[in-house]
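One letter stands for each residue in the lines below.
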Amino acid sequence: MAFSLLFISKSTPSYDKIDKFRYYRSTHNFQEYIMIDQYSFAVEQYAKQTAGQWIFQEYEGEAAVLKLHSLDF
């Protein structure tokens, strides 16, 4: 299972959030897309479900704990 972890750039946030995600979604085995805001305690996560739907989860604050769905540990 494939996933992508990227840090959102101040110069290209729309590209990172829209175009890159659209490209990765077109890959058959791609399962998870995680975007990290490098300037705050914020993470956006998209996880692919069995029916091809994507579930969005947002994490904010330094106490938030990210769960990776595509890795089994």
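Not measured: the values here are computed from a predicted model.

## Quick look at the UniProt feature "domain: Putative restriction endonuclease" (unreviewed entry) in the chain
Consideration 1: The UniProt entry lists residues 9-68 under the feature "domain: Putative restriction endonuclease" (unreviewed entry), expressed in the numbering used here.
Consideration 2: Within residues 9-68, the helical portion is 22% and the strand portion 37%, while the C-alpha atoms at the span's ends are 22 Å from each other.

## Points about the sheet that holds strand β1 (residues 2-8)
Consideration 1: In space, the 4 strands of this open sheet follow the order β1-β2-β3-β4, with mixed pairing throughout. A strand with exactly one partner marks an edge of an open sheet, and here the two such strands are β1 and β4 (54-60). Recorded for the sheet is a direction-independent mean angle of 15 degrees between the axes of neighbouring strands.
Consideration 2: Relative to strand β3 (residues 42-48), strand β2 (residues 30-37) runs antiparallel, the two being bridged by 6 bridges. Residue pairing for β3: D37 is matched across the bridge by A42.
Consideration 3: Helix α1 (residues 13-25) contacts β1, β2, β3 and β4 of the sheet and is inclined by roughly 170 degrees relative to β2.

## Re the pairing of β4
Consideration 1: Two strands pair when backbone bridges link them, and β3 and β4 are joined in this way by 7 bridges, in the antiparallel orientation. Paired with A47 across the bridge in β4 is I55.
Consideration 2: What sits between the antiparallel neighbours β3 and β4 is a turn of 5 residues, in which G52 has the positive phi angle 85 degrees.

## Structural notes on the nonpolar core
A general trend in soluble globular proteins is that nonpolar side chains are found buried together.
Consideration 1: Core analysis: the largest hydrophobic core is formed by 6 residues, namely L6, I8, F21, F30, Y33 and M35.
Consideration 2: Elements with a minimum of two residues in this core: β1 and β2.
Consideration 3: Apart from the residues within four sequence positions on either side, Y33 is in contact with S4, L6, D16, K20, F21, Y24, E44, Q45, Y46 and W54.

What counts, and where the lines are drawn
- Residues numbered from 1 in each chain as written.
- Predicted model: local features only at pLDDT ≥ 70, side-chain atom pairs only at ≥ 80, totals over all residues.
- Heavy atoms only, no water.
- UniProt positions renumbered as here; feature names shortened; annotations may be inferred.
- Helix = DSSP H or I, 4+ residues; strand = E, 2+ residues; numbered from the N terminus.
- Pairing = 2+ DSSP bridges.
- Axes fitted to C-alpha atoms, helices over the stretch in contact; angles between N-to-C directions.
- Contact = heavy atoms within 4.5 Å.
- Core = buried A, V, L, I, M, F, W, Y, C linked by side-chain atoms within 4.5 Å.
- Buried < 20%, exposed > 50% of the residue type's maximum accessible area, 1.4 Å probe, protein only.

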